[in-house]
Amino acid sequence: RTVYVNGEYLPEHEATVSIFDRGFLMADGVYEVTSVLDGKLIDFDGHYARLERSLGELDMANPTTHEDLLEVHRELVRANGIEEGMVYLQVTRGNPGDRDFAFPPEDTAQTLVLFTQSKPGLANSPAAKTGIKVISIEDQRWARRDIKTVQLLAPSLGKMAAKRAGADDAWMVEDGHVTEGTSNNAYIVKDGAIITRGLSNDILHGITRAAVLRFAAEAQMQVVERLFTIDEAKEADEAFVTSASTFVMPVVSIDGAAIGTGEPGPVAKRLREIYLEESMKAAI
Ligand code: PMP
C-alpha cells in the first residue's frame, strides 16, 4: 500500500512518525474517514468542513487546504486501486521533541497522515441485509464528543464488550438516554417517525447523519431530533445506525431483545437505498 506522510507518498513500511508525536503520547490529534464507492469520494466536502471544525476547537492549525487534501485523497485512491473502501486521515499537533502537557510552539510542524483501506463489497455488505445486534453500555467518554479526536479507547472497549456478548456493536447511554454507537449515530423509528438525538457536544456530528436527515426530509419522512431512552429504543418499530463506513445499517436487536420484527425495517432499508444512490451521484 502507498500511504501519505507529511508531503510524501511512501510504501507503508517506509512511513514513520516520531515517538514524541503528540498524537502517540497524548491522543492530541483529530481524524476523518471518507468512504470510497466506484473509486469516488463520498461527501468529501462534509468531512473537510468537520476536520476544520475539530482543528479549530482544539486550537490546532490546519496544515493543509481543501484543494491539496482532495488531491492527496484522489492520488491514494488511484495509487492503491481503491474501488470500494475508505481513506483515513489524521492530523496531530506534531513532534515537539519531548513530552510536555503544554502545547508546543505554534511553528512546530504538525503531522499529517493518510492511508486507504480497501473494502470490496462495502455497498453490498451482507450485514445490511441481516442487520446488526447491539448491546447498551454506559457512555464513559469525555465531554467533547463533537470533536473527532483519536482518543478512541472507550469506544474500543465498548466494541469488545459487544463482541464478548455475541453482538456487533454497542450503543452508549448517558443518564438513561442513548448518545450514539461506538462509531456511528443511533436512530429509532416509531409510528413512521425517525427519532435521533439532537446535535450538541454529547455526540459526533455525523456527516452521514446530516445527509440522511436531509434525504429523509426530502422524501417527506418525519424526522424528530430529541433524546430517547434505551427502554424506548427496545420498544421501537425499527432501529438503525449511520456512519461513513456503514452508510445506513439496520439494528435488529438491543441487549438481546428483538426490535420490531427482528428483521431490518422498511424505513432503514429505504434510507440506505436513498443514501447510496444520492451520495454516489454527488461523489467526486
Ligand atoms: N459517532 C461516532 C462516535 C463516530 O465515531 C462516528 C464515525 N466516525 C459517527 C458517529 C458517524 O460519523 P460519520 O457519519 O461522519 O462517519
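These numbers were taken from a predicted model, which means no experiment stands behind them.

Let's talk about the sheet that holds strand 5 (residues 85-92)
Backbone hydrogen bonds are what pair the strands of a sheet, in a parallel or an antiparallel way.
Then step 1. Taken together, the 6 strands give an open sheet; going across it, the order is 2-1-6-5-3-4, and neighbouring strands pair in antiparallel fashion. Taken across any chain shown, the strands that pair with only one partner, and hence form the sheet edges, are strand 2 (8-11) and strand 4 (40-41).
Then step 2. Of the strand pairs in this sheet, strand 1 (residues 2-5) and strand 2 are connected by 4 bridges, and their pairing is antiparallel. Bridge pairing in strand 2 links Thr2 to Pro11.

Some words on the site of the ligand
Then step 1. Close to the ligand lie 13 residues; Leu204, Gly206, Ile207, Thr208 and Ala244 are nearest.
Then step 2. Counting residues per element, the shell around the ligand draws most heavily on helix 6 (residues 207-218), which supplies 3 residues.
Then step 3. Of the residues in the shell around the ligand, the class split is 4 nonpolar, 7 polar and 2 charged.

A closer look at the confidence of the model for the chain
The predicted structure's coordinates, where accompanied by low pLDDT, should not be read in detail.
Then step 1. Per-residue confidence for the chain gives a mean pLDDT of 98, with 100% of residues at or over 70.
Then step 2. With a pTM of 0.97, the predicted complex shows an ipTM of 0.99.

Details of the packing of helix 6 against helix 8 (residues 266-281)
Then step 1. With their axes 10 Å apart at the nearest point, helix 6 and helix 8 run at an angle of 105° to one another. In terms of their interaxial angle, helix 6 and helix 8 are classed as roughly perpendicular. Where helix 6 approaches helix 8, its residues Ala211, Val212, Phe215 and Ala216 are matched on the opposing element by Leu271, Ile274, Tyr275, Glu278 and Ser279.
Then step 2. Looking at side-chain class alone, the contact of helix 6 with helix 8 contains 7 nonpolar, 1 polar and 1 charged residues.

Cut-offs applied
Residues numbered from 1 in each chain as written. Predicted model: local features only at pLDDT ≥ 70, side-chain atom pairs only at ≥ 80, totals over all residues. Pairing = 2+ DSSP bridges. Helix = DSSP H or I, 4+ residues; strand = E, 2+ residues; numbered from the N terminus. Near = placed C-beta within 6 Å. Nonpolar A, V, L, I, M, F, W, Y, C, P; charged D, E, K, R; others polar. pLDDT = per-residue confidence, 0-100. Axes fitted to C-alpha atoms, helices over the stretch in contact; angles between N-to-C directions. Parallel < 35°, antiparallel > 145°, perpendicular 65-115°, else oblique. Contact = placed C-beta atoms within 7 Å.

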